[in-house]
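Structural features, examined
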Amino acid sequence: TNSTQLKQMLAELEIAARHNVTILLIGETGSGKTFLSKLIHEISPRREAPFLHVACGALPSELIESEMFGHAKGAFTSAHVEKEGKFVAAGQGTILLDEIDVLGPEQQVKLLRVIETGEFEAVGSNRTLRSQARLVVASNLNLQPLVEQGRFRPDLYYRLNMLKFEIPPLRQRKADIIPLARKF
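Quick word on the pairing of strand S2 (residues 51-55)
A one-sided burial pattern is seen for S2, the buried positions being Leu52 and Val54 and the unburied ones Phe51, His53 and Ala55. Summarising the sheet, S2 and strand S5 (residues 94-98) pair through five bridges and their orientation is parallel. Among the inter-strand pairings, Val54 is bridged to a residue of S5, identified as Leu97.

Shown next, in the form of structure tokens:
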């Protein structure tokens, strides 16, 4: 990048990557949230562990919870075998929850619990599991208006907003257009 604003943000992300903190990335579609999430993982002490991506917006709402937390055999009609969720599969790695704004109220409560305590239960299970994964969450929407509209929990937003990075779109970083074009 040739953008002073982006260089500053990358320096701050490098510092954040070294610590065990949840990171919130806000930016338009195509602004590089997934790329930055992988970069955070690669420069962190967790780089040897898995990096897992959950595209919340691409999953039906009834499957998001199973994808994140897993499910027990028989938890629902098509649950013929036990499934390990991303929070278990990541181990001590990193999980990117992309399009976090699509989570429903129940899912938001469960995610808040994972962030606060590291604990969760697979769908249909009474056994409490612990997550050791780092969480990076991303959205192409500013979450504050969703909180004001009652569509996003204020306590979850507070937890996520502690370390927020807003990624400027390329149209605001004109100095990056030529280097990016050359790269591609």
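Back to the text.
Thoughts on the sheet that holds S2
Strand order in the open sheet formed by five strands is S2-S5-S8-S1-S9, and the pairing between neighbours is parallel. One side of each edge strand has no neighbouring strand; the edge strands of this open sheet are S2 and strand S9 (164-166). Taking each pair of neighbouring strands and ignoring which way they run, the sheet shows an average axis angle of 20 degrees. Pairing between strand S1 (residues 23-26) and S9: three bridges, direction parallel. Looking across to S9, one finds that Leu25 is bridged to Phe165.

Describing the packing of aromatic side chains
On inspection of all chains with the given rule, the structure shows three aromatic pairs. Both rings, one in Phe69 and one in Phe120, keep their centres 5.4 Å apart while their planes meet at 35 degrees; by these two values the pair is tilted. Placement of the pair is Phe69 in helix H3 (residues 61-69) and Phe120 in strand S6 (residues 119-121), with a sequence separation of 51 residues. Taken individually, Phe69 and Phe120 each receive the classification buried, so the pair is uniform in this respect. Summarising the aromatic geometry, the rings of Phe87 and Phe120 are spaced 5.8 Å apart at their centres and angled 45 degrees between planes, so their arrangement reads as tilted. Of the two residues, Phe87 is situated in helix H4 (residues 86-89) and Phe120 in strand S6; the sequence distance between them amounts to 33 residues. The two residues Phe87 and Phe120 agree in class, both being buried.

Brief notes about the packing of H3 against helix H5 (residues 105-117)
It is the contact of H3 with H5, at a shortest axis distance of 11 Å, that shows an interaxial angle of 15 degrees. Considering their axes alone, H3 and H5 lie roughly parallel with respect to each other. Along this stretch, H3 crosses H5, giving a crossing that reads as left-handed. Between H3 and H5, the contacting residues are Ser61, Ile64, Glu65 and Phe69 on the first element and Gln107, Lys110, Leu111 and Val114 on the second.

Examining the pattern of salt bridges
Pairing of side chains with opposite charge becomes possible as their charged atoms draw close. Applying the stated rule across the entire model yields 11 salt bridges. Notably, a salt bridge pairs Arg18 with Glu14, separated by 3.7 Å at the nearest N-O pair. With relative accessibility at 48%, the residue Arg18 sits in the partly exposed group. Owing to a relative accessible area of 40%, Glu14 belongs among the partly exposed residues under this scheme. For Glu67, the salt bridge is made with Lys86, and the minimal N-O distance between the two is 3.3 Å. Taken together, the residues span a long stretch of sequence, with Glu67 in helix H3 and Lys86 in helix H4 at a distance of 19 residues. A cluster of three or more residues bridged by salt bridges with shared partners is formed by Arg113, Glu119, Glu121 and Arg130.

About the criteria used
- Residues numbered from 1 in each chain as written.
- Predicted model: local features only at pLDDT ≥ 70, side-chain atom pairs only at ≥ 80, totals over all residues.
- Heavy atoms only, no water.
- Buried < 20%, exposed > 50% of the residue type's maximum accessible area, 1.4 Å probe, protein only.
- Helix = DSSP H or I, 4+ residues; strand = E, 2+ residues; numbered from the N terminus.
- Pairing = 2+ DSSP bridges.
- Axes fitted to C-alpha atoms, helices over the stretch in contact; angles between N-to-C directions.
- Phe/Tyr/Trp six-rings, centres within 6.5 Å; stacked < 30°, edge-to-face > 60°.
- Parallel < 35°, antiparallel > 145°, perpendicular 65-115°, else oblique.
- Left-handed = near helix turned anticlockwise from the far one by under 90°.
- Contact = heavy atoms within 4.5 Å.
- Salt bridge = Lys/Arg side-chain N within 4 Å of Asp/Glu carboxyl O.

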